[in-house]
Amino acid sequence: MNLRPLATEHGTQVTRQEPPLTAKPPGSAPGPGFVFDDGAAYELVMGRWSALVAEPFLHWLALPEELAWLDIGCGDGSFTEQLVRRQAPMSVVGVDPAPAQLDFARQRTGTSHVRFLVGDALALPVPAASADAAVMALVLFFVPDPLRSVHELMRVTRRGGTLAAYHWDMEGGGFPLQPIIDAARADGYKPHQPPSAWAATLQSSQALWREAGATEVETCQLEVARGFDSFDSYWHTAQANPRMRDLFASLSPAGLQRLSERVRERLGASDDRPLVCTARANAVKGRRP
Ligand SMILES: C[S@@+](CC[C@H](N)C(=O)[O-])C[C@H]1O[C@@H](n2cnc3c(N)ncnc32)[C@H](O)[C@@H]1O
């Protein structure tokens, strides 16, 4: 894999990949449900990461202004807001099954013209061929049947329109809180995986898009960096992640302290110095013929 990591918060490296067309069947056991019941907490821990990926992702899509967009699994609107800022869309519809996320999305300053709907990626509450571009930002690995959701993307996209997604490179260690997962694993903890983590690889994403009938399918990796004031700020932020909740709740105060020290060592972080962390997303795009 030919990646060059970034040193700054604003820089981003895009690397095109041409993986073999082999979708991995869903072999991993589904983890317990990931609950998105707190939009403010989501924004702190993950929304800001997603907003960082949005910029290079939209640049890579290279789509014109004034399109009709559909943002599936829009969550708290972190990607949606970037979309509005950067693409001057004609219209945006955001769909998510979690009311708490949508509540947060609706009160963002940049989303006042967005129509937010409660709905599921497997049965979108919008008409066929109603979008010029349909996207899923950090969603595909949560959907129980990824191929069906890509068929839904095809259904709602007009002919010649674009369907695209990005998701953390889970297998390649690109998840933003990977240092905590690695430290916990070293202590015997088995972290929960999103139910369709297998779909997040470049190979699987490409195969899913092709199998659903998309043409001009391309993938790339997007690496982003986020600054924190200190290790404590990073650690505090991580507490709000749904994937970390069970882990942190299961540890004694001493166990939590030990984990925090191990993560700090992995990051080479100190209490009073700013910290820069990186994360990597896999992105896929294609056209509806
Ligand atoms: C990691 S968040 C991503 C939110 C937002 N797109 C972003 O970039 O920050 C995942 C979102 O997917 C939503 N989600 C989970 N299962 C879904 C499904 N079957 N259909 C649509 N959205 C789903 C969750 O409610 C959550 O808001």
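The model shown is predicted, which means the values in this text are computed figures rather than measured ones.

J.: Would you mind going over the pairing of strand E3 (residues 91–96) with me for this structure?
T.: Side chains on a regular strand alternate between the two faces of the sheet. Burial analysis of E3 places 5 of its 6 residues in the buried class, the great majority of the element. Relative to E3, strand E2 (residues 68–72) is paired through 5 bridges, and the arrangement is parallel. Within E3, the position partnered with Ala 68 by the bridge is Ser 91. Note on the crossover from E2 through helix H2 (residues 78–87) to E3: the handedness is right-handed. The pairing of E3 with strand E4 (residues 115–118) spans 4 bridges and is classified as parallel.

J.: What's the story with the site of the ligand in this structure? I'm lost.
T.: Taken together, 22 residues lie near the ligand, and Ser 50, Gly 73, Gly 75, Ala 121 and Ala 137 sit nearest. Secondary-structure elements contributing two or more residues to the shell around the ligand are helix H1 (39–61) and H2. The element that contributes the greatest number of residues to the shell around the ligand is H1, accounting for 3 residues. Split into classes, the residues belonging to the shell around the ligand amount to 14 nonpolar, 6 polar and 2 charged.

What counts, and at which threshold
Starting from 1, residues in each chain are numbered consecutively following that chain's sequence as written. Per-residue local features of the predicted model are confined to residues with pLDDT of at least 70, and side-chain atom pairs are confined, for both listing and counting, to 80 or more; whole-chain, interface and lining totals are unaffected and use all residues. Partly exposed residues are those whose C-beta has more than 12 but fewer than 20 other C-beta atoms within 10 Å; 20 or more makes a residue buried and 12 or fewer makes it exposed, with C-beta atoms placed from the backbone. Counting from the N terminus, the helices are DSSP H or I runs at least four residues long and the strands are E runs at least two residues long. One bridge is not enough; two strands pair if DSSP finds at least two bridges between them. Seen with its strands pointing away from the viewer, a crossover is right-handed if its path from the first strand over the helix to the second goes clockwise. The rule is simple: place the C-beta atom from the backbone, and if it lies within 6 Å of a molecule or strand, the residue is near it. In this classification, the charged set is Asp, Glu, Lys and Arg, the nonpolar set is Ala, Val, Leu, Ile, Met, Phe, Trp, Tyr, Cys and Pro, and all remaining amino acids, among them Gly, are polar.

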